[in-house]
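Spelled out, the chains give:
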Amino acid sequence: SEPSASQRICRRSGIPKTLSPESLLDISARKVAEKWPFQRVEERFERIPEPVQRRIVYWSFPRSEREICMYSSFNTGGEDSGTSGENSDETRLPFRRGIALLESGCVDNVLQVGFHLSGTVTEPATASEPELVCSVSVSFDRCKITAVTCGCGNKDIFYCAHVVALALYRVRKPEQVKLHLPISETLFQMNRDQLQKFVQYLITVHHTEVLPTAQKLADEILSTNSEINQVHGAPDPTAGASVDDENCWHLDEEQVQEQVKLFLSQGGYHGSGKQLNLLFSKVREMLKMRDSNGARMLTLITEQFMGDPRLALWRQQGTTMTDKYRQLWDELGALWMCIVLNPHCKSEQKCVWLRQLRRWNGVDVCPWEDGNHEMFSTELCPLLSLPPSPPPLHNPSLPDSSSRPHRTVFTRAIEACDLHWQDTHLQRIITHDLYTSIGSNSLPPRLPLAEHIPTACARVDALRSHGYPREALLLAIAIVNTLIRQQQKHLELFRSHKKELLHKGMTSVTNMEGWVGHPLDPIGTLFSTLLDTGRGDEEGQPHLFPAQRLLDDGQSFVALAVETALIGLGQQRVMPDGLYAQEKVCRNEEQLLAKLQEVELDDALVKIFRKQAIFLLEAGPYSGLGELLYRESVPMHTFAKYLFTSLLPHDTELAYKIALRAMRLPVLESMAPSGDLSRPHHIVSMVPNRYPRWFTLSHIESQQCELASTMLTAAKGDGRKLETVLESIQKNIHSSSHIFKLAQDAFKIATLMDSLPDITLLKVSLELGLQVMRMTLSTLNWRRREMVRWLVTCATEVGVYALDSIMQSWFTLFTPTEATSIVATTVMSNTTIVRLHLDCHQQENLASSARTLALQCTMKDPQNCALSALTLCEKDHIAFETAYQIVLDAAVTGMSYTQLFTIARYMEHRGYPMRAYKLATLAMAHLNLSYNQDTHPAINDVLWACALSHSLGKNELTAVIPLVVKSVKCATVLSDILRRCTLTTPGMVALHSRRNSGKLMSLDKAPLRQLLDATIGAYINTTHSRLTHISPRHYSEFIEFLSKARETFLMAQDGHIQFTQFIDNLKQIYKGKKKLMMLVRERFG
């Protein structure tokens, strides 16, 4: 009999109750229903009793809600958030909505006829939608739903809520479902009259739908030669599956293809990348349930990815795909690796997969594994004698010459098709046999020697992915045991050859293919397998099998996971080629460290940290923190920073040893032992046949800087350690911007508001600042002024002796301009004096040093430093005179008229008019204003110089006018000067601007006569020059210009005659310009 509802509820909830045992009929019917298609049952037995048929039909429907959930939501159990975006509502998932419809009584008319379930599901009316009644039908076979239809017209990858509601009704309330045998069995029991009545009634009830079909079938049956009469029997949709039918859950292939194509066409927008990742997660979920649709769905996804039109476009344009899109391809390749490594996969199925993988692999646009066009040079060989190199499958970085020139995202999966699970040692590891041997004090399990670590880890991932958590854990433990043993062997090997190797130096790297950043993510796989088991997250639940017996006393899965991560992160490995591969190394390292930081350190883990830190320091070329470092090894800065902060509270000395060792960056050291490498965009390596460009170098240098900053912070108050860290920074960091950042960091830490300044750390900050100054002194750096200002601030905090010191050695740190305009000026400011609490004597000493610096700078660069030096030396007569003399000496050859005019104006402002006059005359000697430069910026300076000379007296004006006449050829400027000189008497402007009654200078005598003649001559020359290329639109402007010229001409005694002759001359020479000459006649006669 069928189990009652209460019995089922008890069984589902796990409440222990006294239950009657199942009948033998139910047990056997359930097993048959799970494994055999109904056709096989019919063929096996001549006659099957009706009660047996009923029980087989009853047990053939799925009993677990888990698969129904999997096919109706993105997440198993619907526990995680929803599908389409961050704000998706979990209740909108079809599975959750289906449960809600079921629990609110919306499922009705449920009928099971054989292997077919039907019913109606009513969607209640809402404010915007009327009530919707959906007819739902479900076919099933061997506890799997094989086909679904629903009147709602849902178009999606997953089952709609109505299908879910009907299916869950049958799972939860099987006793309320009216159950019938397949319709063919019922028809078999009818006689001819009953059959005729059945058919006629069926046609009557549904005559509009079935009458044409009924008539067609009747005609074919009555025709002896029809196709329908050639086949024995008739189809029955309720009779279950035939022997040849594939037994798998219903998956709408067309919708999978459409959805993936849509997501790809959105190009990463609208959350499409997240949607595709959710589809990949769904594939993994199916694999874990050992559902054959996993591979089927991945095939459909891959076909759409391969058909993405952007692939051909990118290849044609030579551009790279986006990082997120590239990661989707990586996941695609990893999933195929999992699928072909299915331990219970049939060889025929593997051959099918291999064919399609090779087909995709052969397409031109198929993405390459590393995104780069070149492979590693085979000349880079291991340093020490290691076990024989594995075949190309296991070490793809050293390609066989006969292989393809590049590896695609599918290459590893293709190679994995050659792997099998029949190896005796491998079978012993992943089967129960091992437990018995462990109990007898044997050695912990290890990998067979030939197995490549990443390949072995891919097996672990495959076992986990296909729902074998126990076997995955056993293999993971064996791999980690192998890694730990290898570590020990490497250490012993290095120790035995240490002297020879240290003498020889590092020439190559021991591992071309690093584990962190590897396409198969071996360390990540081991870490998550062990950690999930340790936390009880793995679905296998470790307490169900005695895996703990594989560990030593006191050891835990969490500890083993942590040790694995430390081994992988500390491995010395070569930096891969290509931007994507290098970014992947950084990203993978950061992901592992983020997972490690989630683990809380206890005493046992600290012990492991110590053990691994010591190994990393002593293991030579096998460790990225060993004494021998290959110049193109992946740097350890990020990892060492994590180790440093983790070990610091427990073993300070060891923490500093690790961090200081990790500061190395040999790829830059071998390039340029000195100088500033702020922009090392084109690092060129000496290694042959490689593209050694480090695309992630700026990120690496910033991580190196972060490590140094962390050490500086931790070393505050410890002079010895600060000195050691400083030496390491000066030796290993080659970028001025990063050293400047460290200097600023140290300064901030040293001068925190809540404590007294740490003078030792301040000195470190100053020392780093001085190094930055030296590095950037002869290079262009847009932050240079900021750096100089900061250095003076830092030196001020250190004390007056530091300021004095930087001024004494200014020429090694600053340009003359910086030293005078920033350094000396800041030193002599009131703010600095107040900050330093100086007495008068100290102030004078500091000021004296600043003045000395200013004079030295002026000697070296008078053009840019003279004005600052004069300003700084104002209060010291001797220094001021010295600075002025330097300016005079440099004026003849070394200074421009602009600089001289500026200093001259400064002198006038300070009350030295004669010195101002002297400098102005020197400036005039450098000036040359042509006829058309009537807007030249120096005009104001010329007018000022003439005004100054005029105010000083006739002699000065007489001396300056010849200079003006020689330097200025612009008529308007000369006429302006002339007019100003005739307004007042030279040298007779009294105080309060009251004019004296002295005689004005005559225009008929020197020096004004000379100026007047020069002005008239300038007007004549300018007029001829302008007329050479004049256009009609400039005629009116030209007439105004002649009017101004007339005003100047009329200042001379015979000016009227001169101007008339000038105009007549113009009319004669330029008589061809009739319109213009007409305008001239109209204005001037």
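Residue indices begin from 1 for each chain and proceed along its sequence in written order. Residues qualify for local features only when their pLDDT is at least 70, as the model is predicted, and side-chain atom pairs are given and counted only at 80 or more; totals for whole chains, interfaces and linings, by contrast, use all residues. Water and hydrogen atoms were dropped before computing side-chain values, which therefore reflect all heavy atoms in the structure.

**What to know about the overall build of the protein chain**
Each helix corresponds to a stretch of at least 4 residues labelled H or I by DSSP, and each strand to a stretch of at least 2 residues labelled E; elements are numbered beginning at the N terminus. On a plain count of helices and strands, the protein chain comes out with 48 helices and five strands. Throughout, a residue-residue contact means that at least one pair of heavy atoms, one from each residue, lies within 4.5 Å. Here the contacts in the protein chain between residues at least 6 apart in sequence split such that 73% fall between residues at least 24 apart. The protein chains shown are the only cover counted for residues, whose accessible areas, like all others here, come from Shrake-Rupley with a 1.4 Å probe. When the accessible surface of the protein chain is summed, it comes to about 53,400 Å², and 53% of that surface belongs to carbon and sulfur atoms.

**A look at the nonpolar core**
Nonpolar side chains in soluble globular proteins tend to be buried together. Judged by nonpolar contacts, the single largest core of 122 residues is most densely connected at Leu712 and Phe814. The criterion is simple. A nonpolar core is a set of buried Ala, Val, Leu, Ile, Met, Phe, Trp, Tyr and Cys residues joined through side-chain atoms within 4.5 Å. Throughout, exposure labels follow a simple rule: accessible area from a 1.4 Å probe, protein chains only, divided by the maximum for the residue type, with under 20% read as buried, over 50% as exposed, and the rest as partly exposed. Grouped together as the second largest cluster of nonpolar side chains are 98 residues, Val121, Leu287, Cys338 and Leu357 included.

**Thoughts on the packing of aromatic side chains**
For Phe, Tyr and Trp, rings pair up if their centres lie within 6.5 Å, where Trp contributes its six-membered ring, and each pair is then called stacked (planes under 30 degrees apart), edge-to-face (over 60) or tilted (otherwise). A full pass over the atoms with the stated rule returns 23 aromatic pairs. On the basis of an interplanar angle of 85° and a centroid distance of 5.0 Å, the ring pair of Tyr58 and Trp59 is categorised as edge-to-face. By relative accessible area, Trp59 is classed as buried at 5%. Measuring from ring centre to ring centre gives 6.0 Å for Phe280 and Phe305, while their planes differ by 40°; the resulting arrangement is tilted.

**Some thoughts on the state of the cysteines**
Any two cysteine sulfur atoms lying within 2.5 Å of each other are counted as a disulfide. In total, this model carries zero disulfides according to the counting rule given. In this structure Cys160 is not part of a disulfide, and its nearest cysteine sulfur, from Cys150, lies 3.7 Å away. With a relative accessible area of 8%, Cys160 lands in the buried category.

**Observations regarding helix H39 (residues 877-891)**
With 15 residues, H39 should reach 21 Å at 1.5 Å per residue; the first-to-last C-alpha distance of 21 Å fits that figure. Of all the residues in H39, the buried ones are Ala879, Phe880, Ala883, Tyr884, Ile886, Val887, Leu888, Ala890 and Ala891. The secondary structure elements touched by the buried residues of H39 are helix H37 (840-860), helix H38 (862-872), helix H40 (897-909) and helix H41 (913-926). In the analysis that follows, any N or O atom pair within 3.5 Å is treated as a polar contact, provided that within protein one partner can donate a hydrogen and the other can accept it, and provided that, for residues neighboring in sequence, both atoms belong to side chains. The opening residue of H39, the one whose side-chain oxygen lies 3.3 Å from the backbone nitrogen of Ile878, is Asp876. Expected span of a helix, by definition, is 1.5 Å for each gap between consecutive residues, and there is one gap fewer than residues.

**Section: the sheet that holds strand S4 (residues 144-150)**
Taken in spatial order, the five strands make up an open sheet running S4-S3-S2-S1-S5, and their pairing is mixed. The sheet terminates laterally at S4 and strand S5 (178-180), the two strands that pair on one side only. Averaged over all neighbouring strand pairs, the angle between strand axes comes to 20°, with direction disregarded. In terms of strand pairing, strand S2 (residues 116-123) meets strand S3 (residues 132-141) through eight bridges, oriented antiparallel. Its bridge partner being in S3, Ser118 is matched across the sheet by Ser137. Lines are fitted to the C-alpha atoms to define the axes, a helix being fitted only along its stretch in contact, and any angle between axes, read from their N-to-C directions, falls within 0 to 180 degrees. Each of strand S1 (107-113), S3 and S5 is contacted by helix H4 (residues 50-59), which is oriented at about 125° to S5, the strand it contacts most. Should DSSP find at least two bridges between two strands, the strands are regarded as paired.

**Overview of the pattern of salt bridges**
Oppositely charged side chains may form a pair once their charged atoms are brought near each other. A pairing counts as a salt bridge when a side-chain nitrogen of Lys or Arg comes within 4 Å of a carboxyl oxygen of Asp or Glu. As enumerated under the stated definition, the model contains 42 salt bridges in all. Glu618 is paired through a salt bridge with Arg495; the nearest N and O atoms lie 2.5 Å apart. With a gap of 123 residues between them, Glu618 in helix H25 (residues 603-618) and Arg495 in helix H21 (residues 469-504) connect regions that are remote in the sequence. Residue classification places Glu618 among the partly exposed positions, given a relative accessible area of 33%.

**Notes on the pairing of S2**
As defined by bridge partners, S1 adjoins S2 across five bridges and the pair is classed as antiparallel. By the bridge assignment for S2, Gln112 is matched with Leu117. Between S1 and S2, which pair antiparallel one after the other, the connecting turn spans two residues, and Gly114 there sits at a positive phi close to 60°.

**Quick look at the confidence of the model for the protein chain**
Confidence per residue, as judged by the predictor, is encoded in pLDDT with a range of 0 to 100. Summarising the model, the protein chain shows a mean pLDDT of 81, and 85% of its residues fall at 70 or more. Taken as a whole, residues 1-16 scores under 50 in pLDDT and shows 21 contacts with residues more than four places along the chain or in a different chain. In this model residues 373-404 is a low-confidence stretch, pLDDT under 50, and it forms 69 contacts with partners more than four residues away in sequence or in other chains.

**Let's talk about a nonpolar patch on the surface**
Each patch is built from residues lacking any salt bridge and having more than 30% relative accessible area; the joining distance is 9 Å for like charges and 5 Å for nonpolar side chains (Val, Leu, Ile, Met, Phe, Trp, Tyr). Where nonpolar side chains cluster on the molecular surface, the patch consists of Ile183, Phe198, Val199 and Leu202 and spans about 290 Å² of accessible area. Here the element with the most residues in the nonpolar patch is helix H9 (residues 192-205); it accounts for three residues. Turning to its location among the elements, Leu202 is positioned in helix H9. The class of Leu202 is partly exposed, set by a relative accessible area of 42%.

**Topic: the packing of helix H45 (residues 1008-1028) against helix H47 (residues 1055-1069)**
Packing of H45 against H47 leaves a shortest axis separation of 12 Å and a crossing angle of 15°. In terms of their interaxial angle, H45 and H47 are classed as roughly parallel. In terms of crossing hand, the pair formed by H45 and H47 is right-handed. Contacts between H45 and H47 involve Ile1016, Ile1020, Thr1023, His1024 and Leu1027 from the first element and Gln1058, Phe1062, Leu1066 and Ile1069 from the second. Residues were grouped as follows: Ala, Val, Leu, Ile, Met, Phe, Trp, Tyr, Cys and Pro as nonpolar; Asp, Glu, Lys and Arg as charged; and all remaining residues, including Gly, as polar. Of the residues assigned to the contact of H45 with H47, the class counts are six nonpolar, three polar and no charged. By definition in this entry, angles of less than 35 degrees are roughly parallel, angles greater than 145 are roughly antiparallel, angles of 65 to 115 are roughly perpendicular, and the rest are oblique. In this scheme, a crossing is called left-handed if the near helix is turned counterclockwise away from the far one by less than a right angle; it is called right-handed if the turn is clockwise.

**A word on the pairing of S4**
Residues in a regular strand project their side chains so that they alternate between the two faces of the sheet. In this sheet, S4 lies alongside S3 in antiparallel orientation, the contact comprising six bridges. Within S4, the position partnered with Ser137 by the bridge is Thr149. Where S3 folds back on S4, the antiparallel hairpin that results is connected by two residues, among which Arg142 adopts a positive phi of roughly 50°.

**Some points on the packing of helix H13 (residues 293-306) against helix H16 (residues 347-361)**
Two elements in contact, H13 and H16, have axes whose closest approach is 12 Å; the angle formed by their N-to-C orientations is 15°. Looking at the two axes, H13 sits roughly parallel to H16. Both H13 and H16 take part in a crossing whose hand is left-handed. Together, Ala295, Thr299, Thr302, Glu303 and Met306 of H13 and Trp353, Gln356, Arg359 and Trp360 of H16 make up the contact between the two elements. Class assignment of the residues belonging to the contact of H13 with H16 gives a composition of four nonpolar, three polar and two charged.

**Focus on H47**
Taking 1.5 Å as the rise per residue, H47 with 15 residues should run 21 Å; its terminal C-alpha atoms sit 21 Å apart, in good agreement. Listing the buried residues of H47 in full gives Gly1055, Phe1059, Phe1062, Ile1063, Leu1066 and Lys1067. Buried residues in H47, looked at end-on, bunch into an arc of 135°, giving them a common side. In H47, the exposed residues that point more than 90 degrees away from the buried face are Ile1057, Gln1061 and Gln1068. On the buried face of H47, the contacting elements are H45, helix H46 (1035-1049) and helix H48 (1074-1084). What the arc describes is the spread of directions from the helix axis to the C-beta atoms.

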